[in-house]
Amino acid sequence: MKKWIFISVAILVVGAAVFYYFNRKKAAPITFETSKVDYGYIAESITATGTIQPVDTVAVGSQVSGVIQNIYVDFNSVVKKGQLIATIDPSIILAQKEQSLANLANAQSNLKYQQSNYERQYKLFGLDVISKADYQIAQNELSSAKAAVDNAKAQLKITTKNLFYTNIYSPIDGMVLNRNVSAGQTIAASFNAPTLFIIAKDLTKMQVRAAVDEADIGEVKSGQNVSFTVDAFPEEVFKGNVTQILLHAKVNANVVTYTTLINVNNSNLKLKPGMTASINIYTREDGKALLIPAKALGFKPDSIARKQFLIISATRPKAVQSENPEMQKTGVWTKSGDTLFEKMVSVGMSDGIHVKVTAGLTEGMSVITNAKKANENAQAAATQTSPFMPKMGNRKNSKQSK
């Protein structure tokens, strides 16, 4: 009888041990990843692409036709205002000037004759020797002679000015970006002034012409900070500011964009005209915002956590529609001992990694971002050390042995 009692007790003990083992395994303790609430910088931005251009460029043309006689500058030449940069063959215009001088001399000679003829006719008319018609003819010829002199003088001014225009001077201090002509080339200025040079005023100040999508343009305002990169310097971030939004829309493949001008300091001359920029325009910024990780908003205790911890949920307010982005209410979780507390907080802008908190938390508090079971860590470690997984070190050694 005692033997059966002993056996029964042993079975109960073993059963209890097995039950305890499996139940303990199911109720593996949970650890939490937390993050402290702290102040920092956060911003919301929109992206765009654009082209880098000089702030001010001047197209230097010619007002007279002719053959380019000399060119004194080339690409990238630094020029000063008033500097002679090219000349046009002046021989034809010099001949026109001589012709204008001859015409003026002829008109002045005729005026002198008509003046004396008029004075003579005036005296004769006063003595009733000639008719009034003869007097009026002399008067009219004098007026025509005066007009002919004025016309000859005007023509001389035009040819003199055209002779001056055979010398091409730089209108500004700057650098030659483009040269469109060569010595010996003939240019015709009959209809449009041909562009000979393009001169940039100051390459230490550049401008980015960004194409901003119509869906984002409502957030863009003058004065906003901008950062951008260029392919030539992929590791360097350049800074600028929005200065103007051009209202003339551009449509390309049914996509509407607005050109936004961004001024950039280029004192190191790294940025070159025509470079393509990948742009971030910061529409909202806060340099001293109370921040929490964005993934803290997605954490919620699961059923296993509810078995191991006391869960105290927050009382959720009634949904109130608000246009203020800084008044969005949501819940985050904190831990104290064996208790998890939900706290209602007001959140604002987010950059995808952090979220700005405007109410509900204070600096130094910790919020839960994730939960892990102890056996998950053990399984992860076992997977990393599994003999069936390939080892990079062995593969490397095997390659070397070959």
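Residues numbered from 1 in each chain as written. Predicted model: local features only at pLDDT ≥ 70, side-chain atom pairs only at ≥ 80, totals over all residues. Heavy atoms only, no water.

**Student:** Kindly report on the overall build of the protein, identifying the contributing residues and their values.
**Tutor:** What the protein contains, in helices and strands, is six helices and 20 strands. In the protein, which comprises 402 residues, the share counted as buried stands at 31%. Long-range pairs, those at least 24 residues apart, make up 75% of the contacts in the protein between residues at least 6 apart in sequence. For the protein, the computed accessible surface area is about 25,700 Å², with 54% contributed by carbon and sulfur atoms. (Helix = DSSP H or I, 4+ residues; strand = E, 2+ residues; numbered from the N terminus. Buried < 20%, exposed > 50% of the residue type's maximum accessible area, 1.4 Å probe, protein only. Contact = heavy atoms within 4.5 Å. Areas by Shrake-Rupley, 256 points an atom, 1.4 Å probe, with all protein chains shown as cover.)

**Student:** Before we move on, can you summarise helix α3 (residues 132–165) with the specific residues and values?
**Tutor:** The end-to-end C-alpha distance of α3 is 50 Å, a good match for the 50 Å that 34 residues give at a rise of 1.5 Å each. Inspection of α3 places Tyr-135, Ala-138, Leu-142, Ala-145, Val-149, Ala-152, Leu-156, Thr-159 and Leu-163 among the buried residues, and these make up the whole buried set. Elements in contact with the buried residues of α3: α2 (91–126) and β7 (167–169). (Expected span 1.5 Å × (residues − 1).)

**Student:** Now, about the packing of α2 against α3: what can you tell me, with residues and values included?
**Tutor:** Look at α2 against α3: their axes get within 8 Å of each other, and the N-to-C directions meet at 160 degrees. Judged on the interaxial angle alone, α3 and α2 are roughly antiparallel. In the packing of α2 onto α3, the handedness of the crossing is left-handed. Residue composition of the contact of α2 with α3, grouped by class: 18 nonpolar, 14 polar and six charged. (Axes fitted to C-alpha atoms, helices over the stretch in contact; angles between N-to-C directions. Parallel < 35°, antiparallel > 145°, perpendicular 65-115°, else oblique. Left-handed = near helix turned anticlockwise from the far one by under 90°. Nonpolar A, V, L, I, M, F, W, Y, C, P; charged D, E, K, R; others polar.)

**Student:** Tell me about the nonpolar core, and please be specific about residues and values.
**Tutor:** If you look at the biggest cluster of nonpolar residues, it comprises 23 residues, and the most contacted ones within it are Ile-52, Phe-228 and Ile-279. At the level of elements, β2 (38–54), β11 (205–213), β12 (225–230), β13 (233–252), β14 (255–265) and β15 (276–293) are the ones that each hand at least two residues to this core. Of all the elements, β11 adds the most residues to this core, at four residues. Excluding residues that lie within four positions of it along the chain, Phe-228 makes contacts with Ile-52, Val-208, Glu-236, Val-237, Phe-238, Lys-239, Val-264, Leu-271, Ala-277, Ser-278 and Ile-279. Judged by nonpolar contacts, the second largest core, of 18 residues, contains Val-73, Val-79, Ile-93 and Leu-196. (Core = buried A, V, L, I, M, F, W, Y, C linked by side-chain atoms within 4.5 Å.)

**Student:** Just give me the short version of the sheet that holds strand β6 (residues 84–88), but keep the residues and values in it.
**Tutor:** Hydrogen bonds between backbone atoms are what pair the strands of a sheet, whose relative direction is either parallel or antiparallel. Pairing is antiparallel across the open sheet formed by four strands, whose spatial order is β7-β6-β4-β9. Of all the strands in the sheet, the pair left with one neighbour each is β7 and β9 (186–187). The sheet contact formed by strand β4 (residues 66–71) and β6 spans three bridges and is antiparallel. Bridging across to β6, Ile-71 finds its partner in Ala-86. (Pairing = 2+ DSSP bridges.)

**Student:** With reference to specific residues and values, describe the sheet that holds strand β5 (residues 78–79).
**Tutor:** With antiparallel pairing, the four strands of this open sheet are ordered in space as β3-β10-β8-β5. Both outer strands of the open sheet, β3 (57–61) and β5, are each paired with one neighbouring strand and no more. Where β5 lies against strand β8 (residues 174–179), two bridges are found, and the strand directions are antiparallel. Of the residues in β8, the one forming a bridge with Val-78 is Met-175.

**Student:** Residues and numbers for the side chain of Gln-224, please.
**Tutor:** Tracing the sequence through the fold places Gln-224 in the loop between β11 and β12. Residue class for Gln-224 comes out buried when judged on its relative accessible area of 10%. Side-chain polar atoms of Gln-224 contact the backbone nitrogen of Lys-221, separated by 3.0 Å. Residues contacting Gln-224, with those up to four places away along its chain left out, are Glu-219, Gly-240, Asn-241, Val-242, Ile-281, Tyr-282 and Thr-283. (Polar contact = N/O pair within 3.5 Å; in protein donor to acceptor, adjacent residues only side chain to side chain.)

So, to be careful, I would describe these as geometric facts and stop short of saying anything about function.
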